[in-house]
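Residues per chain, in single letters:
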Amino acid sequence: MMTRAVLALFAIVSVVATGLPDAGPDSAQAAADTPIEAFTLRALPQPKLVRGVAGIAWSLVRVEDFSAELMGLAVLAVAIVLHFIARGKYQAKATAWMQGSVHIWQSNFAQFGDEKNYSLIRDGPYDFIFYASGRRYVKKVYGYIKLATGFDPIGYIFSNPYMAQLHPHIVKSDTVVMDFHISEELPSIFFAIIAKDHYPNIKRKRYDVADFGSLVKPGAITGGATLFPKDHYVVLADAPELAASCECIFYFSKLNSLEVLSDPEILETLWATVGLDANGNGTAFPEPLIESIIITDQPKQAELPTTPDGLKSSPKMMHVTFKMPPQSLPADAAASLSARMVQLVMDIVDYYGELRLSAEGINRIRKVRANAEDRIAKKLEEQRKKELKDLKYQAQKKKEEEIGKLSVEEQRKYNERKQKAEMKKRVKSGKILM
């Protein structure tokens, strides 16, 4: 068997050998004549890319490659749509407030609106302004409606606590701010009605509230059958002793002898701003709608002015901050309440204009301002002493550095002269007897 297998193997090898070409000189010459490309690997032919706009080969672009970008564009589009929807709602809200009180403004001022008679002017996506001038006791009024961002995504980004540091004008609730420029012939006083919840914060931000205004006792701010809502508001004045005088409460009086905080209409409006009737019945709002009404002749700042002249250089102002009626109120009730709140401010201006100060009241007001001037003068004196001390220290330090640069002999002579001078000074003062 082994012999047959070996013979078969030799037979196969011989057949294969006879089938191979001759590897002689002719065969080598034929290999030399063949091009080398016949023995190399060739890449498959590539289709020619057709590039379109901006040199982009659109045939290679796939939608799924841009899923993240498309998602971002969709979110941005939704945010923009919601932003413009919110803009419309903001404008409707501001317009509704203005329509509820516009008749009060027009009946009290010779001009209401700008030179083109626009009563409400947009000053941003959620800010509006209005202007009035020409009224007794008032030179002009600048009003600002500042609305909360609500469901506006773009507004929400700017209203977060971090961005609020950069944009302090953004508010958390719908607010109306009014700055009344009072006629300069009226007396310089301080008077304020402030919501209890806002009083500590306002006190930190305004030195006149902290230093000029003294809290009036609740017993001094009652009038007739209707009481002042003392659980919701605090009242401050720079001469609180006058609050309980028979002549006038808070030294405000009219010809009919009604006092500003015993006027039934004013008291009813104050109760209405907390959601209750004149007897304190009803469902109170989450917070009072009047944040503050402040009459002052001082600048609106946290610290006292740096000089006494700063106490006398500011114009007389009445700063008013309201919150808009809650959306839970019907439209008619909200408009009526807005009108009553604006009328309340006008009534307070009239009481201020009819102000009659007694000699005691004038002395009290002067004393409050004199105390403020004394505090400023004391602070200036402390600052001057500190600066003088720093100058002396710098001069002594410079002198010691110069002495340190002297030679040993020169330093010895300097110390001797210094000791002799100190000895003469002590002898002259009588501390050393010769």
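About the criteria used
- Residues numbered from 1 in each chain as written.
- Predicted model: local features only at pLDDT ≥ 70, side-chain atom pairs only at ≥ 80, totals over all residues.
- Heavy atoms only, no water.
- Helix = DSSP H or I, 4+ residues; strand = E, 2+ residues; numbered from the N terminus.
- Contact = heavy atoms within 4.5 Å.
- Areas by Shrake-Rupley, 256 points an atom, 1.4 Å probe, with all protein chains shown as cover.
- Patch = residues over 30% accessible without salt bridge, like charges linked within 9 Å, V, L, I, M, F, W, Y side chains within 5 Å.
- Salt bridge = Lys/Arg side-chain N within 4 Å of Asp/Glu carboxyl O.
- Buried < 20%, exposed > 50% of the residue type's maximum accessible area, 1.4 Å probe, protein only.
- Core = buried A, V, L, I, M, F, W, Y, C linked by side-chain atoms within 4.5 Å.
- Phe/Tyr/Trp six-rings, centres within 6.5 Å; stacked < 30°, edge-to-face > 60°.
- Pairing = 2+ DSSP bridges.
- 1 Å grid on protein atoms, 1.4 Å probe; cavity = no way out; pocket = protein on both sides within 12 Å on 5 of 7 lines; lining within 4 Å.
- Points joined across faces, edges and corners; volume = space filled by probe spheres on them.
- Nonpolar A, V, L, I, M, F, W, Y, C, P; charged D, E, K, R; others polar.
- pLDDT = per-residue confidence, 0-100.

> Is there a simple way to explain the overall build of the protein in this structure?
The number of helices and strands found in the protein is eleven helices and twelve strands. Pairs at least 24 apart in sequence give 69% of the contacts found in the protein among residues at least 6 apart. For the protein, the accessible area works out to roughly 27,600 Å², and carbon and sulfur atoms hold 59% of it.

> Honestly, a nonpolar patch on the surface in this entry has me stumped. Any pointers?
Taken together, the side chains of Ile56, Val61, Val63, Phe66, Leu70, Leu73, Leu76, Ile80 and Phe84 define a hydrophobic patch exposed on the protein surface, amounting to about 820 Å² of accessible area. Secondary-structure assignment places Ile80 in helix H3 (residues 67-108). Note on Ile80: relative accessible area 36%, which makes it partly exposed.

> Quick question: what am I supposed to make of unusual backbone geometry here?
Excluding glycine, most residues fall at negative phi; most peptide bonds, likewise, are trans. The backbone of Tyr137 shows a phi angle near 75°, a positive value even though the residue is not glycine. With respect to the helices and strands, the residue Tyr137 is situated in the loop between strand E3 (127-135) and strand E4 (138-146). You can call Tyr137 buried: its relative accessible area is 14%.

> Please explain the nonpolar core as it appears in this structure.
Grouped burial of nonpolar side chains is what soluble globular proteins tend to show. Counting residues in each nonpolar core, the largest one holds 62 residues, and the members touching the most others are Trp105, Phe180 and Met318. When residues of this core are assigned to their parent elements, the largest contribution, eleven residues, is made by helix H9 (residues 331-353). Once residues within four sequence positions are removed from consideration, Met318 is found in contact with Met178, Asp179, Phe180, Ile182, Ile293, Ile294, Ile295, Val345, Ile348 and Val349. Ranked by size, the runner-up nonpolar core spans 16 residues in total, among them Tyr199, Val234, Leu304 and Val368.

> Explain the environment of Tyr90 here, please?
Considering the arrangement of structural elements, one finds Tyr90 in helix H3. Between the C-alpha atoms of Tyr90 and Pro125, which are 35 residues apart in sequence, the distance is 7.7 Å.

> It is not clear to me how the pattern of salt bridges should be interpreted in this structure. Could you clarify?
Between side chains of opposite charge, pairing is possible as soon as their charged atoms come close. Within the structure shown, the criterion is met by 13 salt bridges. Residue Glu373 pairs with Lys312 through a salt bridge whose shortest N-O separation is 3.5 Å. Remark: Lys312 occurs in the loop between strand E11 (290-296) and strand E12 (317-323) and Glu373 occurs in helix H10 (residues 359-404); sequence separation between them is 61 residues. Residues participating in the shared-partner salt-bridge network are Arg135, Arg136 and Asp350.

> Before we go on, may I ask you to explain the packing of aromatic side chains in this structure?
Each aromatic ring pair is specified by the distance between its two centres and by the angle formed by the two planes. Within this structure, the stated rule accounts for eight aromatic pairs. The interplanar angle of 10° and the centroid separation of 5.6 Å between the aromatic rings of Trp105 and Phe112 together place this pair among those described as stacked. For Trp105, a relative accessible area of 0% gives the class buried. Seen in terms of ring centroids, Trp105 and Phe180 are 6.4 Å apart; in terms of plane orientation they differ by 20°. Their pairing is stacked. Of this pair, Trp105 sits in helix H3 while Phe180 sits in strand E5 (residues 175-182), and the two are 75 residues apart along the sequence. As far as burial versus exposure is concerned, Trp105 and Phe180 are alike and both buried.

> Even after reading the chapter, I still don't get the pairing of strand E6 (residues 191-195), so can you show me in this structure?
Put simply, side chains in a regular strand alternate between the two faces of the sheet. Of all five residues in E6, five are buried, a share of seventy percent or more. What you see with E6 is no split at all: Phe191, Ile193 and Ala195 on one side and Ala192 and Ile194 on the other are buried throughout. Of the strand pairs in this sheet, E6 and strand E10 (residues 233-237) are connected by five bridges, and their pairing is antiparallel. Looking at E10, one finds that Ala192 is bridged to Leu236. Two strands pair when backbone bridges link them, and E6 and E11 are joined in this way by four bridges, in the antiparallel orientation.

> Could you clarify how one ought to interpret the layout of surface pockets in this entry?
Where empty space is left becomes clear once a probe the size of a water molecule has been rolled over the atoms. Looking at the second largest pocket, its volume works out to about 540 Å³. Considering the residues around the second largest pocket, the lining is formed by 22 residues, among which Met324, Pro325, Pro326, Gln327 and Ala334 are closest to the centre. At the level of secondary structure, the elements contributing two or more residues to the lining of the second largest pocket comprise H3 and H9. The element that contributes the greatest number of residues to the lining of the second largest pocket is H9, accounting for four residues. Per-class residue counts for the lining of the second largest pocket are 14 nonpolar, three polar and five charged.

> Would you mind showing me how to read the confidence of the model for the protein here?
Regions with low pLDDT should not have their predicted coordinates read in detail. Here the protein averages 77 in pLDDT, and 72% of its residues register 70 or above. The low-confidence segment residues 5-10, where pLDDT is below 50, has zero contacts with residues more than four positions distant or belonging to other chains. A low-confidence stretch, residues 241-258 stays under pLDDT 50, and its non-local contacts, those more than four residues away or across chains, total 57 contacts.

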